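Tertiary structure, described
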Amino acid sequence: MPIHGSLFEEFKETEARDQFTRQSSKMLKVRMDYGPVMARTGSMVAYQGDIRFANKGSGGLSKMLKSSLTGEGVPIMECSGQGELFLADDAADVQVLYLDDDMVSVNGANVLAFSSSIDWDIHRVSARGGMMAGGLFNVSLRGSGYVAITTKGEPIALDVSTPTFADAQAVVLWTQAVRMQIRTDTGGIGSMLRGGTGEMVQMAFSGQGHVLVQPAENAANTGSGERRSSGLSDFLG
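All of the points below concern the structure found in this document.

About the thresholds
Residues numbered from 1 in each chain as written. Predicted model: local features only at pLDDT ≥ 70, side-chain atom pairs only at ≥ 80, totals over all residues. Heavy atoms only, no water. Helix = DSSP H or I, 4+ residues; strand = E, 2+ residues; numbered from the N terminus. Contact = heavy atoms within 4.5 Å. Areas by Shrake-Rupley, 256 points an atom, 1.4 Å probe, with all protein chains shown as cover. Pairing = 2+ DSSP bridges. Axes fitted to C-alpha atoms, helices over the stretch in contact; angles between N-to-C directions. Buried < 20%, exposed > 50% of the residue type's maximum accessible area, 1.4 Å probe, protein only. Polar contact = N/O pair within 3.5 Å; in protein donor to acceptor, adjacent residues only side chain to side chain. Core = buried A, V, L, I, M, F, W, Y, C linked by side-chain atoms within 4.5 Å. Phe/Tyr/Trp six-rings, centres within 6.5 Å; stacked < 30°, edge-to-face > 60°. Salt bridge = Lys/Arg side-chain N within 4 Å of Asp/Glu carboxyl O. Patch = residues over 30% accessible without salt bridge, like charges linked within 9 Å, V, L, I, M, F, W, Y side chains within 5 Å.

Within the chain, the regular secondary structure consists of four helices and 17 strands. Taking as baseline every contact in the chain between residues at least 6 positions apart, the subset at least 24 positions apart corresponds to 75%. Summed over all atoms, the accessible surface of the chain reaches about 12,600 Å², with 53% contributed by carbon and sulfur.

Pasting the structure below:
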């Protein structure tokens, strides 16, 4: 008996020639004939062809050492072979950009995948004096190639030529010529009780370029790539 309805037509695979293409707002399609890609561990939802996956931890030896000393890390796997790969992360929205000898700094929780031609490193986000900013770390992506990130909802790209401030857990990325500083003097719990925002960690941006902000906060990261929800108890210790 034939199947009736538009299901298989409406959700059929997207035809594309680029290495990275949004299959849908929640899923990334990668053509593997352009070479290996680096992807968040566990983000594979399907593939066609002959594709192999190798766990890279937090990167090379220097990155692994940095991870053990500071708690930084992004769980990464190398994907290689032939065929088509489909990636997603908990049904988050997928955004794709291409770097042409450029650089972006991406919140580690928002990294989905990037071309193997991209150089990357991880760094802890800290305020002056070395105080950690709520366990945040970023991934610097530099060079030429595709980058795919995830956002919780549709983001906004803010031009930082005007002084710009954002919740640190809502910031997704910023571009190369942007300067960032941590603000921790926003009043905290006392401010909230007095009618203030209650935000304890904010990022201040200036310079030339853009900062991408999502309409929701990321969960806190334990340092091994495991995420947990953040709340008042995190700040109370």
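There's plenty left to go through after this.
Turning our attention to the sheet that holds strand β14 (residues 202-207). Strand order across the open sheet formed by three strands is β11-β14-β13, with antiparallel pairing between neighbours. Taken across any chain shown, the strands that pair with only one partner, and hence form the sheet edges, are β11 (164-167) and β13 (178-183). Looking at each pair of strands side by side, their axes are set apart by 25 degrees on average, direction ignored. Of the strand pairs in this sheet, β13 and β14 are connected by six bridges, and their pairing is antiparallel. In the sheet register, Q181 faces β14, and the bridge partner there is A204.

Structurally, D93 can be placed in strand β6 (residues 93-107). On the basis of relative accessibility, which here comes to 11%, the residue D93 falls in the buried class. Looking at D93, its side chain comes within polar contact range of the side chain of K26, at 2.7 Å. Ignoring any residue separated from it by four or fewer positions in sequence, one finds D93 in contact with S25, K26, I149, T150, T151, G153 and E154.

With that settled, consider the nonpolar core. Ranked by size, the top nonpolar core spans 19 residues in total, and within it V106, F114, W120, V139, L141, I149 and L173 carry the most contacts. Residue assignment for this core shows that the elements contributing at least two residues are β6, β7 (111-115), β8 (119-126), β9 (132-151) and β12 (171-175). Per element, the largest residue contribution to this core is five residues, and it comes from β9. With sequence-adjacent residues up to four places away left out, L173 is seen in contact with V104, S105, V106, I149, H210, V211 and L212. With 16 residues, the next largest nonpolar core counts I51, M77, L112 and A148 among its residues.

Within the structure shown, the criterion is met by five aromatic pairs. Centroid distance F114 to W120: 5.8 Å. Interplanar angle 55 degrees. Geometry classified as tilted. Of the two residues, F114 and W120, both sit in the buried class. Pairwise contacts between aromatic rings join F20, Y98 and Y146 into one cluster.

For the structure shown, the criterion picks out seven salt bridges. Linking D93 and K26 is a salt bridge whose minimum nitrogen-to-oxygen distance equals 2.7 Å. With D93 in strand β6 and K26 in the loop between β1 (20-24) and β2 (27-31), this residue pair connects regions lying 67 residues apart in the sequence. When its relative accessible area of 36% is taken as the criterion, K26 is described as partly exposed. A salt bridge links R40 to D89, with the shortest nitrogen-to-oxygen separation between them at 3.9 Å. With R40 in strand β3 (residues 37-40) and D89 in the loop between β5 (76-87) and β6, this residue pair connects regions lying 49 residues apart in the sequence. An identical accessibility class is assigned to R40 and D89; each is buried. A network of salt bridges, in which partner residues are shared, links E13, K29 and E84.

Looking at the secondary structure, you find N138 in strand β9. There is a polar contact of 2.9 Å between the side chain of N138 and the side chain of S105. In contact with N138, other than residues within four places in its own chain, are S105, V106, N107, G108, D121, I122, H123, V125 and W174.

The next thing to look at is a nonpolar patch on the surface. Judged by side-chain polarity, I3, L7, F8 and F11 come together as a nonpolar surface patch covering roughly 510 Å² of accessible area. Judged by its relative accessible area of 59%, F8 is exposed.

Another point: unusual backbone geometry. Of note, A91 is a non-glycine position whose phi angle comes to about 60 degrees, a positive value. Given the relative accessible area of 51%, A91 is considered exposed. With a phi angle near 50 degrees, D101 is a residue other than glycine that sits in the positive phi range. Relative to the elements of secondary structure, D101 occurs in strand β6.

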